[in-house]
Amino acid sequence: MRELTTITASEGFSTEKVVLIVAQIDPAKKIAQHFDADEFVNSQLIRYDHLKRLIKQGRIRSAQAIAAVGYYEMFGK
């Protein structure tokens, strides 16, 4: 894993910071996830090119995800 950058969501309103990280994951080494009983999390590994398509189609609208992909495209490769 490698840190890309740190972003802020709402300067002047919140002090929240989000660290954007890039990681390459070997699907063969994926292990089962154990969430709390009241956590409803849907996660899956997808290819990077598929992630970019989902963003372009508007199916992923998370500002953090879009910022991470944009930053990686500009500075991270």
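Residues numbered from 1 in each chain as written. Predicted model: local features only at pLDDT ≥ 70, side-chain atom pairs only at ≥ 80, totals over all residues. Heavy atoms only, no water.

1. Re the packing of aromatic side chains
What the rule picks out here adds up to two aromatic pairs. Here Tyr 48 and Tyr 72 contribute two aromatic rings whose centre-to-centre distance is 5.4 Å and whose plane-to-plane angle is 80 degrees, an arrangement assigned as edge-to-face. Of the two residues, Tyr 48 sits in helix 1 (residues 48-56) while Tyr 72 sits in helix 2 (residues 63-76), which places them 24 residues apart along the sequence. Given a relative accessible area of 21%, Tyr 72 falls into the partly exposed group. Here the aromatic rings of Tyr 71 and Phe 75 are separated by 4.9 Å at their centres, their planes lie at 55 degrees, and the arrangement is tilted. Residue Tyr 71 and its partner Phe 75 are both found in helix 2; the two are separated by four residues, about one turn of the helix. Residue Tyr 71 is classed as partly exposed on the basis of its relative accessible area of 26%. (Phe/Tyr/Trp six-rings, centres within 6.5 Å; stacked < 30°, edge-to-face > 60°. Helix = DSSP H or I, 4+ residues; strand = E, 2+ residues; numbered from the N terminus. Buried < 20%, exposed > 50% of the residue type's maximum accessible area, 1.4 Å probe, protein only.)

2. With respect to the layout of surface pockets
Reported here for the largest pocket is a volume of approximately 940 Å³. The wall of the largest pocket is formed by 20 residues, among which Val 22, Ala 23, Ile 46, Tyr 48 and Leu 51 lie closest to the centre. Residue composition of the lining of the largest pocket, grouped by class: 16 nonpolar, three polar and one charged. (1 Å grid on protein atoms, 1.4 Å probe; cavity = no way out; pocket = protein on both sides within 12 Å on 5 of 7 lines; lining within 4 Å. Points joined across faces, edges and corners; volume = space filled by probe spheres on them. Nonpolar A, V, L, I, M, F, W, Y, C, P; charged D, E, K, R; others polar.)

3. Structural notes on helix 2
Of the residues making up helix 2, those classed as buried are Ala 68, Val 69 and Gly 76. On an axial view of helix 2, the arc spanned by its buried residues comes to 95 degrees, and they lie on one face. Opposite the packed face of helix 2, turned more than 90 degrees from it, sit the exposed residues Ala 63, Met 74 and Phe 75. (Arc of directions from axis to C-beta.)

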